[in-house]
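Single-letter residue listing:
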Amino acid sequence: IVLTRAIMSLAPIGVFALIVPVVYQTGGDIFLSLGKYFVTVLLALGVHMFVVMPLVIRVLAGINPLDHFRAMRTALLTAFSTASSSATLPITMRCIQENAGVSRGTASFTLPLGATVNMDGTALYECVAVIFVAQVMGIEMSLAAQFMVVLSALLTSIGVAGIPSASLVAILIILNNSGIPNADKAVIVLLSVDRLLDMTRTAVNVFGDSCAAVVIAKSEGEKVFERA
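The rules behind the values
Residues numbered from 1 in each chain as written. Predicted model: local features only at pLDDT ≥ 70, side-chain atom pairs only at ≥ 80, totals over all residues. Heavy atoms only, no water. Patch = residues over 30% accessible without salt bridge, like charges linked within 9 Å, V, L, I, M, F, W, Y side chains within 5 Å. Areas by Shrake-Rupley, 256 points an atom, 1.4 Å probe, with all protein chains shown as cover. Salt bridge = Lys/Arg side-chain N within 4 Å of Asp/Glu carboxyl O. Helix = DSSP H or I, 4+ residues; strand = E, 2+ residues; numbered from the N terminus. 1 Å grid on protein atoms, 1.4 Å probe; cavity = no way out; pocket = protein on both sides within 12 Å on 5 of 7 lines; lining within 4 Å. Points joined across faces, edges and corners; volume = space filled by probe spheres on them. Nonpolar A, V, L, I, M, F, W, Y, C, P; charged D, E, K, R; others polar.

A contiguous nonpolar patch, built from V47, F50, V51, V52, L55, V56, V59 and L60 and spanning about 740 Å² of accessible area, is present on the exposed surface. Here V52 lies in helix α2 (residues 29-61).

What the largest pocket holds in volume is close to 400 Å³. Lining the largest pocket are 13 residues, with M8, A11, S165, L191 and R195 sitting closest to its centre. Counting only elements with at least two residues in the lining of the largest pocket, the list comes to α1 (2-26) and α11 (194-219). Residues belonging to the lining of the largest pocket are distributed by class as follows: eight nonpolar, three polar and two charged.

Applying the stated criterion to the full structure yields three cavities of 30 Å³ or more. What the largest cavity holds in volume is close to 90 Å³. Lining the largest cavity are 16 residues, and of these T122, A161, I163, T202 and N205 sit closest to its centre. When residues of the lining of the largest cavity are assigned to their parent elements, the largest contribution, four residues, is made by α11. Partitioning the lining of the largest cavity into residue classes produces six nonpolar, eight polar and two charged. In this structure, the second largest cavity occupies an estimated 40 Å³ of space. S85, L89, T92, L111, A115, V206 and D209 together form the lining of the second largest cavity. At the level of secondary structure, the elements contributing two or more residues to the lining of the second largest cavity comprise α5 (85-98), α6 (104-117) and α11. Residue composition of the lining of the second largest cavity, by class: four nonpolar, two polar and one charged.

So far we have only geometry, and geometry alone does not tell us how the molecule works.
Put into structure tokens, the structure is as follows:
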């Protein structure tokens, strides 16, 4: 624990030292590009969390999305603050059982599985990150190449650990497989704005897990939100 804390305390200095040569080579325009990338990822995650998933639970389970947001607010805040879906898992299970009324059996099956497999926010982030790097490098990606990026993001997100910044490893793998040069430098640049994005996509991941849990519970005939 002491060693981990020491590394974490030096991480900002290390990121700064790694980014300085990149900024020296590319100039200040990299910050404008990073700003556009940052806003794009936040907008995409926002649409997925506040439009797509509420529609899913409304259509498939007949659940009021506002009720579900209120039930999961503690888990979402914890996920946002820790940037770890694994660390948030106990709170997610408590919220889904006590506030939403999902049975312990359904929650115990869907949520641990979702914390490992259902990384929808991470997959979305990886797609945007890879396409952003390709655009910055001046590489034009065909429709087939973009489809392969989406497929790779879906597959690699399944194996991403539920810890902070773990998806950067998956992004590096996708960049190398896509034939994009200087992938290591690109990941270093992404690391400079990754923390807030990591917190946001973790909240999306946890909310997606909870949506899957209530949909499964409703399909099994459980009285979701009727005893919350």
